[in-house]
Amino acid sequence: MATADNCPREPSAYRPSLHFPERFHDRYEDDRPPRHLDGEIVAGCITDGTANHDSGSSKIVWFRETFGGVTYRLVVDVDEREVVTGYPISINTKAARRSGRWTATQVEDIREFIATDPR
């Protein structure tokens, strides 16, 4: 069984869950703002992010990494080798705006997503 300490750190080791493409492409049935999750964020979380186990499940690992002032969490099922979901968990608004990675609209979307995320 893989753990946060020995889980695969190669993005190709994981496949997307059935609902993950909806999150990845910012398509939602509800009125939530987009997460602005992209391939660079997914790969960066897996290869360079801090890995932690979900305390409620031995098979769920959370990868956490910051991109241009925005910190993302990517959730994977290491037993199934599946990316479950990904979302922003914090933002340094000044750093995000200065980074050049995000547009003003994306910064506001991410701020709103974080503010309304029930997690």
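Look above for the structure.
Residues numbered from 1 in each chain as written. Predicted model: local features only at pLDDT ≥ 70, side-chain atom pairs only at ≥ 80, totals over all residues. Heavy atoms only, no water.

(A) Quick peek at the overall build of the protein. Across its full length, the protein holds four helices and five strands. Relative to all contacts within the protein whose residues are 6 or more apart in sequence, the contacts with residues 24 or more apart total 52%. Accessible surface, the protein: about 6500 Å² in total, of which carbon and sulfur atoms supply 46%. (Helix = DSSP H or I, 4+ residues; strand = E, 2+ residues; numbered from the N terminus. Contact = heavy atoms within 4.5 Å. Areas by Shrake-Rupley, 256 points an atom, 1.4 Å probe, with all protein chains shown as cover.)

(B) Quick peek at the pairing of strand S3 (residues 60-67). Taken together, the four bridges between strand S2 (residues 50-53) and S3 define a ladder with antiparallel strand orientation. Residue pairing across strands places Asn52 opposite Trp62, the latter belonging to S3. In this antiparallel pair of consecutive strands, S2 and S3, the connection spans six residues. Bridging between S3 and strand S4 (residues 70-77) involves eight bridges; their strand directions are antiparallel. Note on S4: the bridge partner recorded for Glu65 is Tyr72. Between the end of S3 and the start of S4, which pair antiparallel, lie two residues, with Gly68 showing a positive phi angle near 55 degrees. (Pairing = 2+ DSSP bridges.)

(C) Fine view of the pattern of salt bridges. One pass over the full model with this rule turns up six salt bridges. Taking the shortest distance from any N to any O, the salt bridge between Glu40 and Arg101 comes out at 3.3 Å. Placement of Glu40 in helix H2 (residues 39-48) and of Arg101 in the loop between helix H3 (93-99) and helix H4 (104-116) is noted, with a sequence separation of 61 residues between them. Taking the shortest distance from any N to any O, the salt bridge between Glu108 and Arg111 comes out at 3.5 Å. One end of the pair, Glu108, and the other, Arg111, are both in helix H4, three residues apart, so they sit about a helical turn from each other. Glu108 sits in the partly exposed class, given a relative accessible area of 38%. Of the residues examined, Arg111 reaches a relative accessible area of 38% and is grouped as partly exposed. Within the structure, one salt-bridge network assembled from shared partners comprises Asp38, Glu40 and Arg101. (Salt bridge = Lys/Arg side-chain N within 4 Å of Asp/Glu carboxyl O. Buried < 20%, exposed > 50% of the residue type's maximum accessible area, 1.4 Å probe, protein only.)

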